[in-house]
Amino acid sequence: MQVTAIIPAGGSGQRMGLGTPKQFMTLAGLPLLVHTLRAFRDTPAVAAIVVAVPAAEIPHTEALLRTHGITKLHAVVAGGATRQESVRQALAAVPPETELVAVHDAARPLITPELITACIAAAAEHGAAIAAVPVKDTLKREAAGQLIAATVARDELWQAQTPQVARRDLLEAAYAAAERDHFVGTDEASLLEHIGCPVALVAGAETNLKITRPEDRTIAEALLMHANPSPTLRIGHGYDAHRLVEGRALILGGVTVPHRLGLLGHSDADVLTHALCDAILGAIGEGDIGRHFPDSDPRYRGISSLKLLEQVVARMQKQGFGLANADVTVIAQQPKLAPQIPAMRANLAAACRVHETAINLKATTTEGMGFAGREEGIAAHAVVLLTRL
Ligand code: CTP
Ligand code: MG
């Protein structure tokens, strides 16, 4: 059956109290509406999507959904003064071949393709079906003065969620009858019930919560982070400095640079490679090289820092990341490093298992200022971007 999703996103989010509509607020790094629409994009049974937003938000919404790769988008329409009115506007814009309509609140961003699919299957069988959860708390009816009047039996009670899916002809009949009878409901099922249409209950999920009040944002973000603990991009920064002394080789990026002074350190004191190691460790959240290769450990005495970089790269790959690019700056008054830069770059690229174009290497003096300018030492900065493999 041809299924079109309708996403009412035409509200103003009064109870959220942001001053702007909640459907555009950022939730775990993405606009709320994008989270919701991703689930429908990723549900194979859904062929088309119609979104209703406040009229003034239409151009912004179209651009936003393009930027975030929301395919299947059939139309973005102007919503109305109530949810019911917004859905009615969207219903008029569904593609002509639509047989089933799945209505889902934009404000429920934790919806999953599995639950959408289950509701569609139940509606295909029964004509209409909604996601809902059995009431689990004991219910009280309030009397005047915030006193309990009675305990309400909860055995047969469910809390309605969305998706609410129905045959298109049934939903159109329900909306037409509601308009004729001035019947107002807060969901599709109540309109279908009004015309005597049976609606099946599908076990929804407590996690399919509706973002209504400020505290819901905290809960939703915690759940979203739990589902996807690590993003696809990571950034890292590294900085290191070593003292210049006589009687040591000057090793930078694994290349021995001819100079009267060299860098002092427990390993080969390759300050450039150390900065790159720290940037990668920073990006994967694993501290710094001091933690992994302590000065006190004799195994690292005089070791080539390229070997340390190889071990850091192995840790990065173990976490499922690859190096997208690195940008490294060496701060040295003397000697001129330009002749050695291509060889350093080749060494670093090989250790990082990337093409040389992924590593940018540059050197600067400080025009005689500071410790580097006085040739007391050499420093290096590195920034990296990692991508999930
Ligand atoms: N909705 C809509 N058109 C309206 C009102 C609401 O499309 N005129 C949508 C909301 O954007 C939301 C869903 O219906 O996705 C459920 O509504 P609700 O949670 O009440 O959202 P708001 O109306 O925006 O919030 P509030 O009631 O706190 O103002
Ligand atoms: Mg509302």
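Above this text sits the structure in question.
Here we summarise the structure given alongside this text. Counting restarts for each chain: residues are numbered from 1 in the order of the written sequence. Throughout, the order in which chains and ligands are written sets their labels, letters from A for the former and numbers from 1 for the latter. Side-chain atom pairs in this predicted model are given and counted only at pLDDT of 80 or more, local residue features only at pLDDT of at least 70, and totals for whole chains, interfaces and linings cover all residues. To get the side-chain values, all heavy atoms of the structure are used, and hydrogens and water are removed first.

So, the site of ligand 1
Now for step 1: For this purpose, a residue is taken to be near a molecule or strand whenever a single non-hydrogen atom of the residue falls within 4 Å of it. In the vicinity of ligand 1, 19 residues are found, and the nearest of them are G10, G13, Q14, S86 and K210.
Now for step 2: Counted as a polar contact is a pair of N or O atoms within 3.5 Å, where, for protein atoms, one must be capable of donating a hydrogen and the other of accepting one, and residues adjacent in sequence contribute only when both atoms are in side chains. Q14 is positioned such that a nitrogen or oxygen atom in its backbone is 2.6 Å from an oxygen atom of ligand 1.
Now for step 3: When ligand 1 sits alone it has 560 Å² of accessible area, and the protein chains cover 88% of it.
Now for step 4: Split into classes, the residues belonging to the shell around ligand 1 amount to 5 nonpolar, 9 polar and 5 charged. Values of accessible area rely on a 1.4 Å probe in the Shrake-Rupley scheme; residue burial ignores everything except the protein chains shown. Residues are sorted three ways: Asp, Glu, Lys and Arg are charged, Ala, Val, Leu, Ile, Met, Phe, Trp, Tyr, Cys and Pro are nonpolar, and all the rest, Gly among them, are polar.

With respect to the pattern of salt bridges
Now for step 1: A pairing counts as a salt bridge when a side-chain nitrogen of Lys or Arg comes within 4 Å of a carboxyl oxygen of Asp or Glu. With the rule as written, the count across this model stands at 16 salt bridges.
Now for step 2: Its salt-bridge partner being E206, residue K136 comes within 3.8 Å of it at the nearest N-O pair. With K136 in the loop between β7 (128-134) and β8 (139-143) and E206 in the loop between β11 (200-203) and α7 (214-227), this residue pair connects regions lying 70 residues apart in the sequence.
Now for step 3: Exposure categories follow from relative accessible area, calculated using a 1.4 Å probe and restricted to protein chains: below 20% of the type maximum is buried, above 50% is exposed, and the middle band is partly exposed. On the accessibility criterion, K136 (54% relative accessible area) is exposed.
Now for step 4: Taking relative accessible area as the criterion, E206 reaches 45% and is therefore assigned partly exposed.
Now for step 5: E286 is the partner of R315 in a salt bridge, and the nearest nitrogen-oxygen pair spans 3.0 Å. What counts as a helix is a DSSP run of H or I of at least four residues, what counts as a strand is a run of E of at least two, and both are numbered from the N terminus.

Overview of the sheet that holds strand β18 (residues 377-388)
Now for step 1: At least two bridges found by DSSP between two strands is the condition for calling them paired. With mixed pairing, the 5 strands of this open sheet are ordered in space as β15-β12-β18-β16-β17. The two strands at the open ends of the sheet, each matched to only one other strand, are β15 (262-263) and β17 (359-364).
Now for step 2: Note: strand β12 (residues 233-245) against β18, 11 bridges, orientation antiparallel. The residue bridging H237 from the neighbouring strand is V383, located in β18.
Now for step 3: Pairs of residues are marked as contacts when any of their non-hydrogen atoms sit within 4.5 Å. Fitted lines through C-alpha atoms give the axes, limited to the stretch in contact for helices. The angle between two N-to-C directions lies from 0 to 180 degrees. Contacts between helix α8 (residues 271-283) and the sheet are confined to β12, β15, β16 (321-331), β17 and β18, with β12 contributing the most and set at about 155° to the helix.

Concerning the packing of helix α3 (residues 83-91) against helix α5 (residues 168-181)
Now for step 1: Two elements in contact, α3 and α5, have axes whose closest approach is 11 Å; the angle formed by their N-to-C orientations is 130°. One finds that α3 runs oblique with respect to α5. Where α3 crosses over α5, the handedness of that crossing is left-handed. The residues of α5 that touch α3, namely those facing Q84, V87, R88 and L91, are L171, E172, Y175, A178 and E179.
Now for step 2: Class assignment of the residues belonging to the contact of α3 with α5 gives a composition of 5 nonpolar, 1 polar and 3 charged. By the definition adopted for this analysis, an angle is roughly parallel if under 35 degrees, roughly antiparallel if over 145, roughly perpendicular if from 65 to 115, and oblique otherwise. Each crossing gets its handedness from the near helix: less than a right angle anticlockwise from the far helix is left-handed, clockwise is right-handed.

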